[in-house]
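# Overview (structure and organization)
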Amino acid sequence: MKYISTRGHAPAPGLSAALAAGLAPDGGLYVPQSLPKLAPSAFDGCSDLPAVAARLLAPFFAGDALATELEAICRQAFTFPAPLHPLATPRDHVLELFHGPTAAFKDFGARFLAACMQRLPRDSGKPLTIVVATSGDTGAAVGAAFANLPGFKVAILYPDGRVSPRQAHQLGCFGGNVRAFRVDGAFDDCQRMAKQALSDGELRAIAPLSSANSISLGRLLPQMAYYADAALRHLHATGVVLNFVVPTGNLGNAVACVLARACGLPIGRIALATNANRVLPDFFAGADYSAQPSVATIANAMDVGAPSNFERLTWLYPDAAALRREFVSLSVDDETIRATIRERHARHGEVLCPHTATAMHLLDTMRANGSAKSIEDWAIVSTAHAAKFDSIVEPLIGMAVPLPPGLAALLARPAHADSLANDYAALREILAAN
Ligand SMILES: *Cc1c(COP(=O)(O)O)cnc(C)c1O
């Protein structure tokens, strides 16, 4: 498989080179040159998530040096399940993606990326520093995935005071080869500084750097696997396709679902829930696509004003009218998120994180207005465990959210983050000294 740029003005490398490069040289995002077609029967004999992942991703690794490692990569990355459970309301389900070490779906992508990068050839004997700007969850997942991995360092940049207390603790708890920096600024400032470092050729010549952001193929490809696995299991159990509502920020998780469907997996419709950042819902309602400054919400991992994977969506659906017909999207404000968390708990005893609650509200809305028919099976995608957002969720439900064991283990460790000025020169100095 070769990978082409969404902008179409770059050579088409194989997987290893596309992984190492991150962004295509013309500024576009890498996408597979063609999409394999996999009938459900292609997965016969795949008995668990790593097996489904390896079968699904084999065409994407074909012809690359990593192909012989694919099974080992999947076994190393997918060490925790992605269960599909029924919700209390008829034909509603939840796909739980929070059983990894940092209790958010980003563990799947980060662990897969780390397992791939570990196996890529290197031209320098120096450690490779992964620079990652995070609004909360990505940094922890990347820190956990690369912690203690020989030959790697991680520098996490996060906006001081704008992540939840437990997110902050997680970001600072790894120690060793993973350093956390709390930046006196917003997420956009962190991202700008990280991008500046990655495009600083002089710096990279003395201190090898790489990124792990949500446009990386190493994060996008593995995310297809849990959709494939859930959809196949649901089809076998019930005979019907599963439709999904995905809580969306940068569109990485949602595009993985779209790609899995495009490869022939038995996935029905896909709906996109956002928080008060409404670039996507406005686009789907007919407005021109225009990036906006992000606004802060209680579903902070989705505080994105310029969804970076939108380019992959328009590559898949070049015709804007066709793209608009294909997806339902709704912006859910903080008050509605709070009401949804409160009501699902009061009525059904379900405990949702704020991101998951946006999807729940969109599904409730579609059930109420008939656009999700009563004969259809839908799954909301639960992107994080509610315990990660205890300061928001617990007052709403009036009780403590029990900590999952992985999260409890991380929170029991000491945490430390260095403060960092909102100034590229300060970051450069630290990376150069590394
Ligand atoms: C990152 C994240 C999202 C948004 O995912 P995208 O791939 O950026 O759309 C949603 N929920 C949680 C909990 C996240 O960490």
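I will try to describe carefully the structure that is included in this document. Once a new chain begins, its residue numbering starts again from 1 and follows that chain's sequence as written. Thresholds applied to this predicted model are a pLDDT of at least 70 for local features of residues and 80 or more for the giving and counting of side-chain atom pairs; totals over whole chains, interfaces and linings are not thresholded and use all residues. Here the side-chain values reflect all heavy atoms present in the structure, with hydrogen atoms and water set aside.

## Section: the side chain of Asp390
One can find Asp390 in helix H16 (residues 390-397). Between N or O atoms, a polar contact is any pair within 3.5 Å; within protein, one atom must be a potential hydrogen donor and the other a potential acceptor, and residues adjacent in sequence are included only when both atoms are from side chains. Within polar-contact distance, the side chain of Asp390 engages the side chain of Arg166 at 3.4 Å. Any pair of residues with heavy atoms lying within 4.5 Å of one another is described as a contacting pair. If near-sequence neighbours (up to four positions away) are discounted, Asp390 is found in contact with Arg166 and Pro395. Strands are runs of DSSP state E lasting at least two residues, helices are runs of H or I lasting at least four, and both sets are numbered from the N terminus onward.

## A look at empty space enclosed by the protein
To locate leftover empty space, one rolls a probe as large as a water molecule over the atoms. Buriedness of a pocket was judged along seven lines, with at least five required to meet protein on both sides within 12 Å; pockets are open sets of points on a 1 Å grid over the protein atoms alone, cavities are sets where a 1.4 Å probe fits but cannot get out, and lining residues have an atom within 4 Å of a point. Grid points are joined across faces, edges and corners, and a volume is the space filled by probe spheres set on the points. Using the criterion set out here, one finds two cavities of 30 Å³ or more in the structure. When its volume is computed, the largest cavity comes out at roughly 50 Å³. Looking at the largest cavity, the residues that line it are Thr248, Gly249, Thr274, Asn275, Asn277, Val279, Leu280, Met302, Val304 and Pro307. In this classification, the charged set is Asp, Glu, Lys and Arg, the nonpolar set is Ala, Val, Leu, Ile, Met, Phe, Trp, Tyr, Cys and Pro, and all remaining amino acids, among them Gly, are polar. Tallied by class, the residues present in the lining of the largest cavity amount to five nonpolar, five polar and no charged. Empty space within the second largest cavity amounts to approximately 30 Å³. Together, Tyr30, Val31, Pro32, Leu217, Leu220, Val255, Leu259, Arg312, Trp315 and Leu316 line the second largest cavity. Of all the secondary-structure elements, those providing two or more residues to the lining of the second largest cavity are strand E2 (30-32), helix H9 (217-238), helix H10 (252-262) and helix H12 (310-316). Class assignment of the residues belonging to the lining of the second largest cavity gives a composition of nine nonpolar, no polar and one charged.

## Observations concerning the sheet that holds strand E9 (residues 242-247)
Two strands are said to pair when DSSP picks up at least two bridges between them. Strands sit in the order E3-E4-E12-E9-E10-E11 across an open sheet of six strands; the sheet is mixed. Edge positions in the sheet fall to strand E3 (84-86) and strand E11 (328-331), since each has one partner strand and no second. Ignoring which end each strand starts from, the neighbouring axes of this sheet average 25° apart. As defined by bridge partners, strand E4 (residues 92-96) adjoins strand E12 (residues 377-382) across five bridges and the pair is classed as parallel. The residue of E12 that forms the bridge with His93 is Ala379. Simply put, an axis is a line fit to the C-alpha atoms, just over the touching stretch for a helix, and the angle between two N-to-C directions goes from 0 to 180 degrees.

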